[in-house]
Amino acid sequence: MLYHLDFHVEYPDDMTQQELFTIWSEEADAALQAKQAGIVVDLWKCVGTRRVIAIVDVPTPDTLDQILLDLPIMKKMGQNVQVEVTPLRRYEDFAADVKSRLEKK
C-alpha cells in the first residue's frame, strides 16, 4: 500500500542547529537505506523549510505506524515532528475502476 508522508520538523529553542543536523543526518541515513530496500519509493526535501515529503510502500497501516515510531528523528525529537499521512491509490487502478463503472451502465 502506498502512502504520502509529509514531515514538518521543528526544534526547540534549547537545541542548536548543529544538534538538529546530527539527528537529521541519522534520519537521512535511515531514509536512504529504506529507499534502497524499496520501502521508500522516493523522497524530497522542500527548499527553504524543514519539510520532507516521501512516498512509501508498506503492506499495512500497522507496519507504517511501527516504522514511523522507530525513525531516529521520532525517537530523539518526535514531539517536534508532525507527520501528515495520506493513503494513495495508484491512478491506473482508479482509471480502470472508473471505466468499469461506465461499462456497467
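Up top you'll find the structure we're talking about.
These remarks concern the structure in this document. Small disclaimer: the values here were computed from a predicted structure and weren't measured. For every chain, the first residue of the written sequence is number 1, and numbering continues from 1 along that sequence. At least 70 in pLDDT is required for a residue's local features to be given in this predicted model, at least 80 for side-chain atom pairs to be given and counted, and no such filter applies to totals for whole chains, interfaces and linings, which use all residues. Excluding hydrogens and water, the side-chain values take into account all heavy atoms of the structure.

Before going further, it helps to spend a moment on the pairing of strand S2 (residues 40-45). Strands qualify as paired when DSSP identifies two bridges or more between them. Counting from the N terminus, the helices are DSSP H or I runs at least four residues long and the strands are E runs at least two residues long. Pairing of S2 with strand S3 (residues 51-57), which is carried by 5 bridges, proceeds in the antiparallel orientation. Counted as the bridge partner of Val40 is Val56 from S3. Hairpin connection, S2 to S3: the antiparallel pair is bridged by 5 residues, and Gly48 has positive phi, about 80°.

Another aspect to go through is the sheet that holds S2. One open sheet holds the 4 strands; their spatial order is S2-S3-S1-S4, and the pairing between them is antiparallel. Either end of the sheet is taken by a strand with one partner, and the two such strands are S2 and strand S4 (81-88). With direction set aside, neighbouring strand axes in the sheet form an average angle of 15°. Contacts are assigned to residue pairs that have any heavy atoms within 4.5 Å of one another. Fitted lines through C-alpha atoms give the axes, limited to the stretch in contact for helices. The angle between two N-to-C directions lies from 0 to 180 degrees. Relative to the sheet, helix H1 (residues 17-37) contacts strand S1 (2-9), S2 and S3, its axis offset from that of S2 by approximately 150°.

On to the nonpolar core, then. Buried Ala, Val, Leu, Ile, Met, Phe, Trp, Tyr and Cys residues form a nonpolar core when they are joined through side-chain atoms within 4.5 Å. Accessible area is worked out with a 1.4 Å probe on protein chains only. A residue is then buried under 20% of its type maximum, exposed over 50%, and partly exposed in between. Residues Leu5, Phe7, Val9, Val56, Leu64 and Met77 are the most contacted members of the largest nonpolar core, which totals 20 residues. Not counting residues up to four positions away in its chain, the partners in contact with Val9 are Leu20, Trp24, Arg50, Ile73, Met77, Asn80 and Val81.

By convention in these notes, a salt bridge is any Lys or Arg side-chain nitrogen within 4 Å of a carboxyl oxygen on Asp or Glu. Per the counting criterion, the structure on display carries 6 salt bridges. Of the charged contacts in the structure, one is a salt bridge between Asp97 and Arg89, with a shortest N-O distance of 3.2 Å. One salt bridge in this structure joins Asp97 and Arg101, with 3.0 Å as the shortest N-O distance. In this pair, Asp97 and Arg101 are both assigned in helix H4 (residues 91-103), 4 residues apart and thus about one turn of the helix distant. When salt bridges that share partners are traced, they join Arg89, Asp97 and Arg101 into one network.

The values reported here are purely geometric and, on their own, carry no functional implication.
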